[in-house]
Amino acid sequence: MRFGIVKKVKPTKSHKALPIGATARIAFEIDATRAGCCRVAKLLLSRERVNHAELEDCARLDEALARAHRLLKATVRSIMLSRLKRTNRARGRR
C-alpha cells in the first residue's frame, strides 16, 4: 500500500472539546486556597492579640471562594448531566 501526501483531513468531531478537565483542576485549586484561608485564620486566632480586621478579610475571602467553588461545581455537573442525557437520547434513536 502506498501513501501519498494528504492535503486536507476532515476532523472526526465538528465541535471543540470543552475544557472540563481544566475546570475541574480550577475547582480543586479553589478548594486548596480555601484550606489556606482556614490555616491562616487558625494562626490569627492562636495569637495573643487577634487582628480582627485580618480575620474578617480572611473570612470574606473564604466566603467568596466558597461561592465561586459551588457555582463552578454546579455548572460542570449540569454540563456533564446534559451531555449524558443527549448521548442516551441519541443512542435510543439508533
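Worth saying up front: this structure is predicted, and the values here are computed from it rather than measured.

Calculation notes
- Residues numbered from 1 in each chain as written.
- Predicted model: local features only at pLDDT ≥ 70, side-chain atom pairs only at ≥ 80, totals over all residues.
- Heavy atoms only, no water.
- Helix = DSSP H or I, 4+ residues; strand = E, 2+ residues; numbered from the N terminus.
- Buried < 20%, exposed > 50% of the residue type's maximum accessible area, 1.4 Å probe, protein only.
- Contact = heavy atoms within 4.5 Å.
- Areas by Shrake-Rupley, 256 points an atom, 1.4 Å probe, with all protein chains shown as cover.
- Salt bridge = Lys/Arg side-chain N within 4 Å of Asp/Glu carboxyl O.

Asker: Describe in detail the overall build of the protein, supporting the description with residues and values.
Answerer: Scanning the protein for helices and strands turns up 2 helices and 0 strands. Residue burial in the protein is summarised as follows: out of 94 residues, 15% are buried. Contacts spanning at least 24 positions in sequence make up 74% of the contacts within the protein whose residues lie at least 6 apart. On the protein, roughly 8700 Å² of surface is accessible, and the fraction owed to carbon and sulfur atoms is 58%.

Asker: Describe in detail the pattern of salt bridges, supporting the description with residues and values.
Answerer: In this structure the tally under the stated criterion is 2 salt bridges. In this structure, the salt-bridge partner of Asp-62 is Arg-34, at a minimum N-O distance of 2.9 Å. Here Asp-62, found in helix H2 (residues 52-93), pairs with Arg-34, found in helix H1 (residues 20-46); they are 28 residues apart in sequence, far enough to count as distant. For Asp-62, a relative accessible area of 22% corresponds to the partly exposed category.

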